[in-house]
Amino acid sequence: MRLLLLLSLLLPLPFSASAADTGPIKIGQYGAFSGKEAAFGVAARKGVILAFDEANAAGGLLGRKLELITEDNQSKAGESATIAKKFVSRDKVVAVLGGNPSINSLEAAPIFQNAKLPMVAISSTNPRVTEMGPYIFRVCFIDPFQGAVLAKFAKDTLHAKRAAILTSVNNPYSVGIAKVFREKFTAAGGEVVIEQKHSEGDKDFRAQLTAIKSAKPDVIFHSSNYTEGALICIQARQLGFTGPLFGGDAWEAPQLIEIGGKAVEGTYYSTHASPESTAPEMRNFIKKFHGRWAGENPDSIAALGYDAAQLLFDAIRRAGTTDSAPLRDAIATTSGFSGATGKITIDKDRNATKSAVIITVKDGKFAYVETVDP
Amino acid sequence: MSEFLQQLINGLSLGAIYALIALGYTMVYGVLRFINFAHSDVFMVGSFIGYYLGKIIPENTVWGGLAILLGAMLGCALLGMLIERLAYRRLRGGPTLNVLITAIGVALLLEYSGQVFFGATPRTFPSVFPSANFSFGSLVISSNQIIVIVVAALLMVALQLIVYRTKIGTAMRAVSLNPKAAQLVGVNNDVVISFTFGLGSALAGAGGILYALNYPSIDPLMGVMPGLKAFVAAVLGGIGNIPGAALGGLLLGTVETFVNGSQWSTYKDAIAFAILIIILLFRPAGLLGKFTVEKV
């Protein structure tokens, strides 16, 4: 099987859709649907499926039905690249949605770029993702912005003077956002008193937190995923740290509360949109989401997944074809597209310019705090 | 100073769990002279038994917690004996390498059938024991950490009593010394080996519950790293030696915690394993192990 895959990679890949002009339009989505980052992939997929169902109910695009092919990277390093090769050589998809954690997109993007296959990353915020080439886009903000938002929030809203940073060393998202936070927080007159590191999948953070506690920070910023974040909150509280803890959008998952319980009460994170937003696009999306997924409440990643799919459909409609070059140009010229997470304009670096929201955990539920514009 | 003491407490409670798992490796090695790699996955199954029992037994009660602990130990003991009966017994007497590879096979079987039956997504482990934090000045110790250390210590004492003060313990030591001679004097090797697996796996089950109490996010691959560390702890203390495994576990947990709390935390595993290599260079049989020349 693997040999076949390798052989198929060696063959020249014609990328016109001539052979399948009458069949369904195939679009791939990859993400973590199982494993420790599953909350992101599962939420995004629900949003994407909703968009596909709607489009197909309305008769598809360009007179053809849409077919979604999803692949699970099991939250494992290396799997996203394998999936990317499969999408390119076996499934022959016309475009790809996905990549939640930046590390997945960083693996897959070079392969799509080489194959000249447009990819729209859903919630990968590391700047390097779209730097992979002109075929790589995203529908979310980037970490230099998110890091600045968090630094401003820590300084102005939490009135923190001394911050501690806890970073996951083998997660490019975590390292990137921590770097920006440090710069911005220091520039705003704050002091980063201690920086500690852990690895992906670690479960014991007491050593790092004990060192952090001795440095007497006002706040702790953890820049990695919810799985580690929830355990960090529990252990920080057990060690007697009483100040606020906060994270980036990688903290957004129902599991943060499920695992963290009482310990995550009063913690904050920044993310792409709030389901409590009163914007008609968001209300409308939530209504449709409830209908499709038995009353389940979407988070902002689900909304971003929905937006990524809609943005791609819009580009296919405008391009009038699924050929890769015109489709790429159509995505690149997206301007003022109104999605559930707000107006999306793709800038010259193929990123979306969006505002960020701050969410807190209150009485075991997520609650909206404030919106920060770029 | 208080930071040092706090790290020591953190390290000891982590080390106590490593020690519990290490005991299982060491016991099986002591009796059968092979490394049971499936042991770390029995540990994982222990956590999941606790997770499912937690749904029917009321949370946050001491008796409920003890019932879950015993349930997981019993379940794991049965699983360990079953693995021995189905996978290892037929291979006894053959080359050790065959059993070793079978053990790796059983480990992978447990990990990946775990992903099928339990799902690959991390689960939240219920808080089975009532929890509280106690502070002594700036030192903080959680009730879960105390439970880990106390339960681990009690189980190790019980194990020592079983091995040195009971008939079956004597039989275990006899089989360990010379299986053929033990059989000649009327020891039923099958029963003794089965019992060894049961006992070791019960400790892994207890380790699984204690680990999940402190790190309440469990998944089917959770046993891999702690299992590896515990194996290292067993070798460090002198494999086949019960107090050695306990000492190795505590030492490894403490070193790891201290490195983790310093600015070299990225290298924590590298440093922990470097220490292992250095100790083995000077004491090839481990800290408490006795170096024996194999008789031809």
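Draft legend 1. Representation of the sheet that holds strand β10 (residues 268–271) of chain A within the structure. Residues and elements named next belong to chain A. Taken together, seven strands build an open sheet; the order of strands is β7-β6-β8-β9-β10-β13-β14 and the sheet is mixed. Because the sheet does not close on itself, it has two edges, and the strands there are β7 (191–198) and β14 (365–372). For this sheet the average axis-to-axis angle between neighbouring strands, irrespective of direction, equals 25 degrees. In the sheet, strand β6 (residues 162–168) pairs with β7 via seven bridges, with the strands oriented parallel. Bridge pairing links Thr 167 to Lys 197 in β7.

Draft legend 2. Representation of the domain arrangement of chain A within the structure. All names here are of chain A. Domain parsing of chain A yields domain 1 (2–141 + 278–355) and domain 2 (143–271). When each unit is reduced to the centre of its C-alpha atoms, the spacing between domain 1 and domain 2 is 30 Å. Contacts between domain 1 and domain 2 engage 16 residues on the former and 18 residues on the latter. For the side of domain 1 that touches domain 2, the leading source of residues is helix α4 (residues 102–114), giving three residues. Grouping the constituent residues of the side of domain 1 that touches domain 2 by class yields seven nonpolar, five polar and four charged.

Draft legend 3. Spotlight on the packing of helix α1 (residues 2–32) of chain B against helix α5 (residues 143–165) of chain B. All names here are of chain B. At a closest axis distance of 9 Å, the pairing of α1 and α5 adopts a crossing angle of 35 degrees. Seen along the crossing, α1 lies across α5 with a hand that is left-handed. Of the residues in α5, those in contact with Ile 9, Leu 12, Ser 13, Ala 16, Ile 17, Ala 19, Leu 20 and Leu 23 of α1 are Gln 145, Val 148, Ile 149, Ala 152, Leu 155, Met 156 and Leu 159. Residue composition of the contact of α1 with α5, grouped by class: 13 nonpolar, two polar and no charged.

Draft legend 4. Highlighting the nonpolar core. Formed by 217 residues in total, the largest nonpolar core has its most connected members in A:Phe112, A:Leu312, B:Ala19, B:Leu20, B:Leu23 and B:Ala206. The biggest single contributor to this core is α1(B), with 17 residues. Mapped onto the domain boundaries, this core takes at least three residues apiece from domain 1 (2–141 + 278–355) and domain 2 (143–271) of chain A. Excluding anything up to four places from it in sequence, B:Ala19 contacts B:Ala152, B:Ala233, B:Ala245, B:Ala246, B:Gly249 and B:Leu250.

Draft legend 5. Layout of helix α2 (residues 38–57) of chain A. With 20 residues, α2(A) extends 28 Å between its outermost C-alpha atoms, agreeing within 8% with the 28 Å of an ideal straight helix rising 1.5 Å per residue. Downstream of α2(A) by a residue or two, A:Gly59 has a phi angle that is positive, lying close to 100 degrees.

Draft legend 6. The arrangement of the pairing of strand β2 (residues 133–136) of chain B in detail. All names here are of chain B. As paired elements, β2 and strand β3 (residues 139–142) share four bridges and run antiparallel to each other. When the bridges of β3 are listed, Phe 134 appears paired with Ile 141. Turn length for the β2-β3 hairpin, with the two strands adjacent in sequence and antiparallel, is two residues, and the turn residue Gly 137 shows positive phi of about 65 degrees.

Draft legend 7. Looking closely at the packing of helix α2 (residues 39–56) of chain B against helix α9 (residues 224–237) of chain B. Residues and elements named next belong to chain B. The N-to-C vectors of α2 and α9 enclose an angle of 130 degrees; their axes lie 8 Å apart at closest approach. Considering the angle they form, α2 stands oblique to α9. Read as a crossing pair, α2 and α9 show a hand that is right-handed. Residues His 39, Ser 40 and Phe 43 of α2 pack against Val 224, Pro 226, Gly 227 and Ala 230 of α9. Taken together, the residues that form the contact of α2 with α9 break down as four nonpolar, three polar and no charged.

Draft legend 8. Geometry of the interface of chain B and chain A. Across the contact, 23 residues belong to chain B and 24 residues belong to chain A. The set of elements that each furnish at least two residues to the side of chain B that touches chain A consists of α1, β2, β3 and α10 (242–260) of chain B. Of the residues forming the side of chain B that touches chain A, the biggest block, five residues, is contributed by α1(B). Tallied by class, residues from the side of chain B that touches chain A come to six nonpolar, 15 polar and two charged.

Draft legend 9. Spatial organisation of the sheet that holds strand β4 (residues 119–121) of chain A. All names here are of chain A. Taken together, five strands build an open sheet; the order of strands is β2-β1-β3-β4-β5 and the sheet is parallel. Strand pairing shows two members of the sheet lacking a second neighbour, β2 (66–72) and β5 (136–138), which therefore form its edges. Put simply, the sheet's adjacent strands are angled 25 degrees from each other on average, direction ignored. When β4 meets β5, the two strands line up parallel, connected through three bridges. From the neighbouring strand, Met 119 faces β5, where its bridge partner is Ile 136. Across the sheet, helix α3 (residues 79–91) touches β1 (25–31), β2 and β3 (95–98), and the angle it forms with β1 is around 170 degrees.

Procedures and definitions
- Each chain has its residues counted from 1, running along the sequence as written.
- In the order they appear in the text, chains get letters beginning with A and ligands get numbers beginning with 1.
- Side-chain atom pairs in this predicted model are given and counted only at pLDDT of 80 or more, local residue features only at pLDDT of at least 70, and totals for whole chains, interfaces and linings cover all residues.
- At least two DSSP bridges between two strands are required for those strands to pair.
- Numbering goes from the N terminus for both helices and strands, where a helix is a DSSP run of H or I of at least four residues and a strand is a run of E of at least two.
- Axis lines are fitted through C-alpha atoms, for helices just across the contact stretch, and the angle between N-to-C directions can take any value from 0 to 180 degrees.
- Domain extents, as shown, originate in an automatic or database domain assignment.
- In this description, a residue-residue contact is defined by the distance between C-beta atoms placed from the backbone, which must lie within 7 Å.
- For this scheme, ten residues count as nonpolar: Ala, Val, Leu, Ile, Met, Phe, Trp, Tyr, Cys and Pro. Four count as charged, namely Asp, Glu, Lys and Arg, and the remainder, Gly too, count as polar.
- Left-handed describes a crossing whose near helix is turned anticlockwise from the far helix by less than a right angle; the clockwise case is right-handed.
- Working definition: the nonpolar core is a set of buried Ala, Val, Leu, Ile, Met, Phe, Trp, Tyr and Cys residues, joined through C-beta atoms within 7 Å.
- Exposure classification rests on a simple neighbour count of other C-beta atoms within 10 Å of a residue's own: a residue reaching 20 or more is buried, one at 12 or fewer is exposed, and one in between is partly exposed. C-beta atoms are placed from the backbone.
- The span one expects for a helix is its residue count, reduced by one, times 1.5 Å.
- What sets the label is the angle itself: under 35 degrees gives roughly parallel, over 145 gives roughly antiparallel, 65 to 115 gives roughly perpendicular, and the rest give oblique.

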